[in-house]
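The primary structure of each chain is shown beneath.
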Amino acid sequence: MTEVISDQFVEANNGSKNVVDLGFVVGELTLEDDAASDDDVALEGLEEELQDYKTDNVVTMILSKGTSSRNYTKDVEHNLRRIELDSIQEYIKDSDNLISLHEQIHDCNTILLQMEKLLSGFQAEIGSISSDIKVLQERSLDMGLKLKNRKAAESKLSKFVEDIIVPPRMIEIIVDGEVNEEYLKTLEILSRKLQFVGSDAMLKTSKVITNVQPEVEKLHQKAVSKVFDFIIQKLNALRRPKTNVQILQQSVLLKYKYVIMFLKEHNKEVFIDIRAAYIDTMNKVLGKNVQAYIHALEKLQLDIATAADLIGVETRSTSLFLRGEPLKNRSAVFALGDRIKILKEIDEPALIPHIAEASSKKYPYEVLFRSLHKLLMDTAASEYLFCDEFFREQPMFYDIFAGPFTVIDEHLNTVLPNFYDAIGLMLMIRIIHQIQLIMSRKRLPCLDSHLDKVNISLWPRFKMVFDMHLSSLRNANIRTLWEDDVRPHYVMRRYAEFTASLIQLNVDYGDCQLEHNLERLWLAADDLLVKLAALFQKPKQQTVFVINNYDMTISVLKEAGPEEGRIHMHLEELLKSNTAIYVEELLQEHFSNLIKFVKTRACEDPSLGPRRPISVAEVEPIVKDFASRWKAAIELMHSDVITSFSNFLCGMEILRATLTQLLLYYTRLSDCMKNIPGGTAPNKDLISISSIMYEIRKFSRTF
């Protein structure tokens, strides 16, 4: 309806100078039409609607005023008509704007129609282009596949051509060039061509292979001949005197390790010849070097012990003072001393013989032994790694070192039968163990068999020398060894130093067999000590002699290792028991009556029956004798202890034990005095316990 009115406004406006006829627009508006139509209203559902609007506020207000619904309806319709006319009037006022808007909408519709046509054309063209793209895509895939196939064919063909052709420059280098880095690179190319020619049986039927193969084979033979001569020349350089083999291997031969790979792959016979030549060369060179080094070391050797240097042999029979060596070197026969330092110098550089010889210094054999095996260890490690890198063969190492191993075995077979230094032998056994640990940490098994063999040869020799010391104690002539001196015997000092040395060398190893042998040695030494002690006329001298030797042995063993050893514990028990014997003997010399009374009368057991009462006459002489000379007796005991025991601390302990035992005896005597009937008379002569304690403390302080 609005569009119709708008069109009418446009026409009326154009025809009558914008004068609007409202009656024309609205027409005749009558209410009778509406009233007439009321008769046609259907009454179905009226009851429901009345119920619904019963509570409506507007309906309630109309009904309350008493106005009829028809009149009220006419009023409402009249108002609506009036409002509609007002709205139309406003619409007429804005007719210009509406006309302008109508024109703009019409223009937009025209533009949109044009755009629709244009986009429809684009859509048709895009559809055509899409089909063209699909065609191009199919053609592109087809061309890509063809290109891939052509590239694959080209790659194979170019590789075939590259592998089959023999460039003139390659021929020139192989035939006339020197063996250098460029030659090695050319050998690699030749190796690939040889592999290519012989890799596929089907290729051998082709004419190209038939033409090229003879030329490649000629180059192969020429290259083999040339590199063989080159390697042999380098191997001959190893034979020159004073050549540093390791430097030549690392700086020269390893540069040409590809030559060996080439020969190993393409000419096994020539490779075996070169391998054999290298083994022969190095076997002789290293064998001579080791032999020369051993000869140089022999000039530096300091002899420590001979067959006569045994624990139980008399000093005079060994003729120590008739030998050319200084006496200080003879002390190393039984004492370890500073020789143990060699175990901390295992990985130190080997001795340089001419420098050591210039200083006129001599060394125990274990020092030379360590130096020889240090040189062997370094040389073997270098050679083993070189064989693995240069020849790619580790087993050939054992062929190379057959010569050096033989030289060392012959040297040891010469030295060991005349070697009587048990401490030196044990040091060498420990040196071998340390070298085995070093090689194990480096993961180099090349010396395992040799070191095991050396170890096997050292242990029996050590056992034999050890048994010689053991036999010297068991078969010792006690008449020639005995000296009228209670101080520690030199044989027991030898034993103590020898045992302490072996214990010290066993601290970190826990060798049960060695501990067992040391126990056997102790039994023999203790048996000899008891026999020597029996030659003293006085029992007290025998006890003092035994105590001095036990104390000396314990002191030496304490410096060697832990005190929990069975030998050390046994010595402590023997020292304690003999000290108790000596205390009783010393007290018997000065207080025999007192000790006899205490042991016989004061210790009677009442359960054995009625005992005879102790009388004053029986006790009084003992009390008076003790009171008259107890201080002088203590002085004499002090003097006796000081002169009898060489160890001042040991003497102090023995004197203290003696005075303590004396105090116990006297205390028991005093207790007996209290139970004697009418025994007050001797009490005036009793010495107070505090006085005796004072004297004991005084002598203790003198130490």
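Since we're looking at a predicted model, the values are computed, not measured.

Colleague: For this particular structure, what's the right way to read the overall build of the chain?
Modeller: The helix and strand inventory of the chain stands at 28 helices and two strands. A burial count over the chain gives 38% of its 703 residues as buried. Contacts in the chain between residues far apart in sequence, at least 24 positions, make up 79% of those at least 6 positions apart.

Colleague: I'm lost on the environment of Ile 164 in this one. Help?
Modeller: Take Ile 164: it is sitting in helix H7 (residues 95-164). For Ile 164 and Phe 196, which are 32 residues apart along the polypeptide, the C-alpha to C-alpha distance reads 7.8 Å.

Colleague: In this structure, what is going on with helix H19 (residues 422-441)? I would like to understand it.
Modeller: One turn of an α-helix holds 3.6 residues; hence residues three or four places apart share an orientation. With 20 residues, H19 extends 29 Å from end C-alpha to end C-alpha; this agrees with the ideal 28 Å at 1.5 Å per step. Among the residues trailing H19, Arg 443 stands out with phi positive, at a value near 60°.

Colleague: How do you make sense of the nonpolar core when you look at a structure like this?
Modeller: If you look at soluble globular proteins, the nonpolar side chains tend to sit buried side by side. The biggest cluster of nonpolar side chains holds 179 residues, and the ones touching the most others in it are Leu 187, Leu 190 and Tyr 278. When residues no more than four places from it in sequence are discounted, the contact partners of Tyr 278 are Leu 235, Leu 238, Gln 249, Glu 383, Phe 386, Cys 387, Phe 391, Met 396 and Ile 400.

Colleague: Please clarify how the side chain of Ser 472 should be interpreted in this entry.
Modeller: Tracing the backbone through its elements, the reader meets Ser 472 in helix H20 (residues 448-474). On the basis of relative accessibility, which here comes to 10%, the residue Ser 472 falls in the buried class. Of the polar contacts made by the side chain of Ser 472, one reaches the backbone oxygen of His 469; its length is 2.5 Å. Non-local contacts of Ser 472, meaning those with residues more than four positions away in its chain, are made with Leu 310, Ile 311, Gly 312 and Val 313.

Colleague: Looking at this model, I keep getting lost on the packing of helix H26 (residues 616-644) against helix H27 (residues 648-674). Mind explaining?
Modeller: Axis angle and axis distance: for two packed helices, these are the angle between their axes and the distance between the axes, and together they describe the pair. Between H26 and H27, whose axes approach to 11 Å, the crossing angle comes to 175°. Here H27 runs roughly antiparallel to H26, going by the angle between their axes. Where H26 approaches H27, its residues Val 619, Ile 622, Val 623, Phe 626, Ile 634, Met 637, His 638, Val 641 and Ile 642 are matched on the opposing element by Phe 648, Gly 651, Leu 655, Thr 658, Leu 659, Leu 662, Tyr 666, Leu 669 and Met 673. For the contact of H26 with H27, a count of residues per class yields 15 nonpolar, three polar and no charged.

Colleague: I tried to follow the side chain of Arg 339 on my own but got confused; where do I start?
Modeller: Here Arg 339 lies in the loop between helix H14 (327-330) and helix H15 (353-358). Each residue touching Arg 339, except ones within four places of it in the same chain, is listed here: Ile 304, Ala 332, Pro 364, Glu 366, Asp 421, Ile 423, Gly 424 and Leu 427.

Colleague: Can you help me understand the confidence of the model for the chain in this one?
Modeller: Reading fine detail from the predicted coordinates is not recommended where pLDDT is low. On average, residues of the chain score 83 in pLDDT, and 83% of them reach the 70 mark or higher. Scored below 50 in pLDDT, residues 319-328 shows 10 contacts in the model against residues more than four places distant or in partner chains.

Colleague: When you look at the environment of Lys 185 in this model, what are you seeing that I'm missing?
Modeller: Along the chain, the position of Lys 185 falls in helix H9 (residues 181-199). The spatial distance from the C-alpha of Lys 185 to the C-alpha of Met 170 is 10.0 Å, given a sequence separation of 15 residues.

Colleague: Before we go on, may I ask you to explain the packing of aromatic side chains in this structure?
Modeller: Centre distance and the angle of the planes are the two values used to describe a pair of aromatic rings. Evaluated as defined, the whole model comprises 23 aromatic pairs. Between Phe 271 and Phe 391, the ring centres sit 6.4 Å apart and the planes meet at 55°, which makes this aromatic pair tilted. One end of the pair, Phe 271, is in helix H13 (residues 268-298); the other, Phe 391, is in the loop between helix H16 (365-390) and helix H17 (396-400), and 120 residues separate them in sequence. Phe 391 shares its class with Phe 271; the two are buried. Geometrically, the ring pair formed by Phe 401 and Phe 405 is tilted, given 5.6 Å between the ring centres and 50° between the ring planes. The lysine or arginine in question, Arg 430, covers the ring of Tyr 509, its NZ or CZ lying 4.0 Å from the ring centre.

Colleague: How do you make sense of the pattern of salt bridges when you look at a structure like this?
Modeller: Pairs can form between side chains of opposite charge once their charged atoms are near each other. The full count for this structure, using the stated rule, is 24 salt bridges. Salt-bridge contacts for Arg 487 lead to Asp 485; the nearest nitrogen and oxygen are separated by 2.7 Å. The class for Arg 487 is exposed, based on a relative accessible area of 51%. Between Lys 540 and Asp 640 there is a salt bridge; the shortest N-O distance is 2.3 Å. In this pair, Lys 540 is assigned in helix H24 (residues 539-558) and Asp 640 in helix H26, connecting sequence segments 100 residues apart. A relative accessible area of 16% places Asp 640 in the buried class. Salt bridges here are not isolated pairs; linked through shared partners, they connect Arg 169, Glu 172 and Glu 182.

Rules used in this analysis
Residues numbered from 1 in each chain as written. Predicted model: local features only at pLDDT ≥ 70, side-chain atom pairs only at ≥ 80, totals over all residues. Heavy atoms only, no water. Helix = DSSP H or I, 4+ residues; strand = E, 2+ residues; numbered from the N terminus. Buried < 20%, exposed > 50% of the residue type's maximum accessible area, 1.4 Å probe, protein only. Contact = heavy atoms within 4.5 Å. Expected span 1.5 Å × (residues − 1). Core = buried A, V, L, I, M, F, W, Y, C linked by side-chain atoms within 4.5 Å. Polar contact = N/O pair within 3.5 Å; in protein donor to acceptor, adjacent residues only side chain to side chain. Axes fitted to C-alpha atoms, helices over the stretch in contact; angles between N-to-C directions. Parallel < 35°, antiparallel > 145°, perpendicular 65-115°, else oblique. Nonpolar A, V, L, I, M, F, W, Y, C, P; charged D, E, K, R; others polar. pLDDT = per-residue confidence, 0-100. Phe/Tyr/Trp six-rings, centres within 6.5 Å; stacked < 30°, edge-to-face > 60°. Lys NZ or Arg CZ within 6 Å of the ring centre and 35° of its normal. Salt bridge = Lys/Arg side-chain N within 4 Å of Asp/Glu carboxyl O.

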